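These are the residues of each chain, in order.
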Amino acid sequence: YLILFFLFFVISGYLLWDSFFRFLSPPPTKNPSFQTFRILPGMSLQAIALHLTQEEIIHDPYKFMILAWSTGLGKKIQWGDFELYAGIPPSVLLNYLTTGKTMLKRITIPEGFTLQQIARRLVEENLVNEKEFLSSACDPHFIKALGIDGQSLEGYLFPDTYVFHRGMSVQSIQTKMVQRFEEIFNGIKIDDGIMDNFSLIKIVTLASIVEKESSLS
């Protein structure tokens, strides 16, 4: 009986390893058809694995979860939109999902948009979480780190066309928009008399009021 049990154990182990090896090394895909795969903020590893299986990108969600756990990457998967194809090697797939190789997205923020409107526009493009965006825009430590003397980023997120990749952090997006504001503001020659009477924050506040009134008229 011991010999039979040992043989059963060896054969079972071999079959399991062979199955996992086949999962890790799928046959090469000729002319792969790419598709957009979206991971939402807060999705669990299990939900992602099941979604990948439903989209026929992988064929075994449990082996994918084992791979993610064994490599320590299970909690490092980022959210966003990814260009994937059926039959992509799981190790390559996991690398894509954890290194933030998401799709680039061109987005235009119109003039006169308030902080809330900017947040909603970015949410529509699956770029940010609205609550997180607004919270960060009012974070005194982050605002101070950007060199802004104000209570929020209202008026400092410059209206322009940007290229963001899905998966960028909220603060990275806001920093880029503030840097664009500073670039434009510093390039405008403002009369010294105006700067003597108005601080930057007052100018921004007045500009925001004018934009809000013009949008209502």
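Residues numbered from 1 in each chain as written. Predicted model: local features only at pLDDT ≥ 70, side-chain atom pairs only at ≥ 80, totals over all residues. Heavy atoms only, no water.

A. Main features of the overall build of the protein. Helix and strand content of the protein: 10 helices and 4 strands. Walking the protein from its N terminus toward its C terminus, one meets helices and strands in the order α-β-α-α-β-α-β-α-α-α-β-α-α-α. Expressed as a percentage of its 217 residues, the buried residues of the protein come to 32%. Within the protein, contacts between residues separated by at least 24 positions form 59% of all contacts whose residues are at least 6 apart in sequence. (Helix = DSSP H or I, 4+ residues; strand = E, 2+ residues; numbered from the N terminus. Buried < 20%, exposed > 50% of the residue type's maximum accessible area, 1.4 Å probe, protein only. Contact = heavy atoms within 4.5 Å.)

B. Structural context of the pattern of salt bridges. Evaluation of the coordinates by the stated rule reveals 6 salt bridges. Linking D60 and K63 is a salt bridge whose minimum nitrogen-to-oxygen distance equals 2.8 Å. Relative accessible area serves as the criterion here: at 17%, K63 is assigned to the buried category. Among the salt bridges present, the one from R121 reaches E124, with a minimum N-O distance of 3.7 Å. Here R121 pairs with E124, and both are found in helix 5 (residues 115-124), just 3 residues apart, close to one helical turn. The exposure class of R121 is partly exposed, given its relative accessible area of 25%. Among the ionic contacts, a cluster of salt bridges with common partners joins D160, R180 and E183. (Salt bridge = Lys/Arg side-chain N within 4 Å of Asp/Glu carboxyl O.)

C. Examining the pairing of strand 4 (residues 161-165) more closely. The side-chain alternation of strand 4 yields one buried face, formed by Y162 and F164, and one unburied face, formed by T161, V163 and H165. Bridge count for strand 3 (residues 104-108) against strand 4 is 5 bridges, and the pairing is antiparallel. Each residue of the ladder has a partner; that of R106, found in strand 4, is V163. (Pairing = 2+ DSSP bridges.)

D. The environment of Y96, seen in detail. Looking at the element boundaries, Y96 is found in helix 4 (residues 90-98). When the C-alpha atoms of Y96 and L84 are compared, they prove to be 9.0 Å apart, with 12 residues separating the residues in sequence.

E. Region of the structure containing helix 4. Of the residues making up helix 4, those classed as buried are P90, L93, L94, L97 and T98. Buried residues of helix 4, viewed axially, fall in a sector of 120°; they line one side. (Arc of directions from axis to C-beta.)

F. Main features of the packing of helix 2 (residues 45-54) against helix 3 (residues 61-70). Where helix 2 contacts helix 3, the axes come no closer than 9 Å and their chain directions differ by 135°. Viewed along their axes, helix 2 and helix 3 adopt a mutual orientation that is oblique. Handedness of the crossing formed by helix 2 with helix 3: right-handed. When helix 2 is examined against helix 3, the residues L45, Q46, A49, L50, L52 and T53 are found in contact with a partner set consisting of P61, F64, M65, A68 and W69. A breakdown of the residues in the contact of helix 2 with helix 3 according to their chemical character gives 9 nonpolar, 2 polar and no charged. (Axes fitted to C-alpha atoms, helices over the stretch in contact; angles between N-to-C directions. Parallel < 35°, antiparallel > 145°, perpendicular 65-115°, else oblique. Left-handed = near helix turned anticlockwise from the far one by under 90°. Nonpolar A, V, L, I, M, F, W, Y, C, P; charged D, E, K, R; others polar.)

G. The arrangement of the nonpolar core in detail. L122, F133, L153, L157, F164, I173 and M177 are the most contacted members of the largest nonpolar core, which totals 26 residues. Those elements that provide at least two residues to this core are helix 5, helix 6 (130-137), helix 7 (140-145), strand 4 and helix 8 (170-187). When residues of this core are assigned to their parent elements, the largest contribution, 6 residues, is made by helix 8. When near neighbours in sequence (up to four residues on either side) are disregarded, L157 contacts L115, I118, F133, Q174, M177 and V178. Judged by nonpolar contacts, the second largest core, of 21 residues, contains I48, A49, M65 and W79. (Core = buried A, V, L, I, M, F, W, Y, C linked by side-chain atoms within 4.5 Å.)

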